[in-house]
Structure formats: structure tokens, C-alpha cells
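Next come the chains, spelled out residue by residue.
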Amino acid sequence: MKPVPRSPLRIWLGTKFYRLKRYAVWYLGSQRFAKRRDAAPLPHLIFTHRTPLLRQLKDVDMQLQYNKVTNLRIATQKLNGIIIEPGETLSYWRLIGSISRRKGYVDGMVLFYGQVRTGVGGGLCQLSNLIYWMTLHTPLTITERHRHSYDVFPDSGRSQPFGTGATCAYNYLDLQIRNDTQQAYQFIVYLTDTHLVGEWRSTLPKTRTYEVYEKEHWITQEYWGGYVRHNTIYRKVYDLEHQWLDDEYITENHAIMMYEPMLSERTATAAAKQSN
């Protein structure tokens, strides 16, 4: 996983190629994509989650956080109320569409090869992270998800296992979710003054609950001098009486660490406070 430097020309050409490839899949493939939206929520709440809108990050202009909120307000309007019928697939980018200033998007924080930069529409990974985490707590099937290639911040204060997010880049790094059940599902998403809030709802009540956890975790020092963090993510499945039913493998993650590994607890806590 040694970082490979890419020239601006190669990055530009690669982006164009993979975007065209994605368009071909969207419009010439056989997948049925979710399109219908309904303002009225389906009757049964399956799972809900919220994440704070603003975080004070070390050496990052707070204005980028406020700009992120602007970008989230635009993107969530494209997803709120979407219905996924049985056999249909939700495509994150097919619904949101391309990102441009003309649509009202502004500069936000983006991570580029582990470095903080600004870019139009920056901050939308908070939305893809939310959707991915929520979907892990439903019977829906995640058919495409891209892990973060870099681990930027230490774990102190982390409320979810490392590697349970989903990075996104229009349109070749997509998040896709297929409904393999016999009932319709609906994604509700909105912003409060302080949080991004999501809900998965359905036509029928839930019959299962899920506990997502990290089963294995290890760090390796690579031949090129850096460190790579690895883990595996599983989920326990329970019935409504909390009787254990299954232990399902979800994914594995590999990320280049952008901070010193194996810090003492005191040092890791101090570093995390500086970055929050």
C-alpha cells in the first residue's frame, strides 16, 4: 500500500475514464435503480442515526465546516424520501448528480491522498458515511462501497469502529445499496441546527437487530517506512428478543496511517483533542 504519486495529467485522464465507465453502467446496464421519492414517510422505523455537523479540526479553517453544511443541505434534498423497491438499487451519485458551483455547492474540506485540501462540494463523505453505517443495521445489501485509503486521526473518542465509513468521489467511487427483501425501504435524511440525521424506514416492522463490531485489528510497518492499519468488520444478528442468530462478515479495511502509531493512551488522547 505504498502511496504512489500520480501526475495531474494521469489523475485527470483516469477520472475521465472511470466516469465514462460509470455512465455506461448506469445507462446501458441491466440494474434497476431507485428513482421514486415520497415525501410521506413509510410507517415503520428500522434504524436511525445522527452525526454532528460541525467539528473543530486542528489547522483547518472553520469556514470549511460551515460550507460543508451548505453542501449537505443541497445533497440531502436529492436523497430524502427515496424509495427502494424490492430488486432496486440505490446509487448515491446517480441520485445526487454532479457537483458544481452552478448548483450552489461551495468549497469544503476534502482529503486527497491523506492531505487536507479544499474542493467544491467538500464534506459530502459525512453523508455517505452516515448511509453506510445505517445500512449495516438493516437487511439491505451493500453492493458497492469504497473504504478510506488513509487513516487521518487517532481513535480516542471514536464512537464507531474504525473502517465503518464510505468514501465518495463523483461518480466512480459510488455507494450502492440493493433491496433483496420483499418489502419497500425508504431513506429519510435531514439537517437540524446541530446534526445530520438519517432514517431507514419500511412498509413492515423490523424483525432483526444488528451489532456492528471490529473482530480483528493489526498494524504493519511497511518496507517503505510507513504504517498501515488493518481490521475486519463483522456484525452480530439478533431477533427482537435479543437471541443471537448469526455472526456475519462485512468487510476488511487497510489504511495508510497519517499519524504515529502505537502512541501511549495519554499522547493519543492529547492528539485527538487537538484534531477535534
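Here, the structure is the one placed above.
Residues numbered from 1 in each chain as written. Predicted model: local features only at pLDDT ≥ 70, side-chain atom pairs only at ≥ 80, totals over all residues. Heavy atoms only, no water.

(A) Just the overall build of the protein, in detail. The number of helices and strands found in the protein is five helices and 13 strands. Against the compact-globule benchmark of 19 Å for 276 residues, the protein has a radius of gyration of 19 Å, which places it among compact chains. Projected onto the principal axes, the alpha-carbon positions of the protein cover approximately 50 × 50 × 40 Å. Put simply, the protein has 276 residues, and 46% of those count as buried. A fraction of 71% describes how many contacts in the protein between residues 6 or more apart in sequence connect residues 24 or more apart. (Helix = DSSP H or I, 4+ residues; strand = E, 2+ residues; numbered from the N terminus. Rg over C-alpha atoms; globule rule 2.2 N^0.38 Å. Buried < 20%, exposed > 50% of the residue type's maximum accessible area, 1.4 Å probe, protein only. Contact = heavy atoms within 4.5 Å.)

(B) Up close: the sheet that holds strand E13 (residues 244-257). Pairing is mixed in the open sheet, where four strands are placed in the order E7-E13-E12-E11. The outermost strands of the open sheet, each flanked by one partner alone, are strand E7 (150-151) and strand E11 (209-221). Relative to strand E12 (residues 227-238), E11 runs antiparallel, the two being bridged by twelve bridges. Along E12, the bridge assignment pairs Val 212 with Arg 235. (Pairing = 2+ DSSP bridges.)

(C) Structural context of the environment of Leu 130. Checked against the element boundaries, Leu 130 lands in helix H4 (residues 125-135). Along the backbone, Leu 130 and Thr 51 are 79 residues apart, and their C-alpha atoms lie at a distance of 7.5 Å. Sequence-distant contacts of Leu 130, that is, excluding residues within four places in its chain, are made with His 49, Arg 50, Thr 51, Val 189, Leu 196, Val 197 and Gly 198.

(D) Layout of a nonpolar patch on the surface. Taken together, Leu 9, Trp 12 and Leu 13 make up a surface patch of nonpolar side chains, about 350 Å² in accessible area. Inspection of the secondary structure puts Trp 12 in helix H1 (residues 8-28). (Patch = residues over 30% accessible without salt bridge, like charges linked within 9 Å, V, L, I, M, F, W, Y side chains within 5 Å. Areas by Shrake-Rupley, 256 points an atom, 1.4 Å probe, with all protein chains shown as cover. Salt bridge = Lys/Arg side-chain N within 4 Å of Asp/Glu carboxyl O.)

(E) Fine view of the pairing of strand E4 (residues 107-112). Two elements, E4 and strand E5 (residues 115-120), share six bridges in a ladder whose sense is antiparallel. Paired with Gly 108 across the bridge in E5 is Gly 119. Taking the residues between adjacent antiparallel strands as the criterion, E4 and E5 are bridged by two residues, where Tyr 113 takes a positive phi near 55°.

(F) Quick peek at the environment of Gln 77. Looking at the element boundaries, Gln 77 is found in helix H2 (residues 62-79). Residue Gln 77 is classed as exposed on the basis of its relative accessible area of 53%. When the C-alpha atoms of Gln 77 and Tyr 23 are compared, they prove to be 22 Å apart, with 54 residues separating the residues in sequence.

All we've got here are geometric facts, nothing functional implied.
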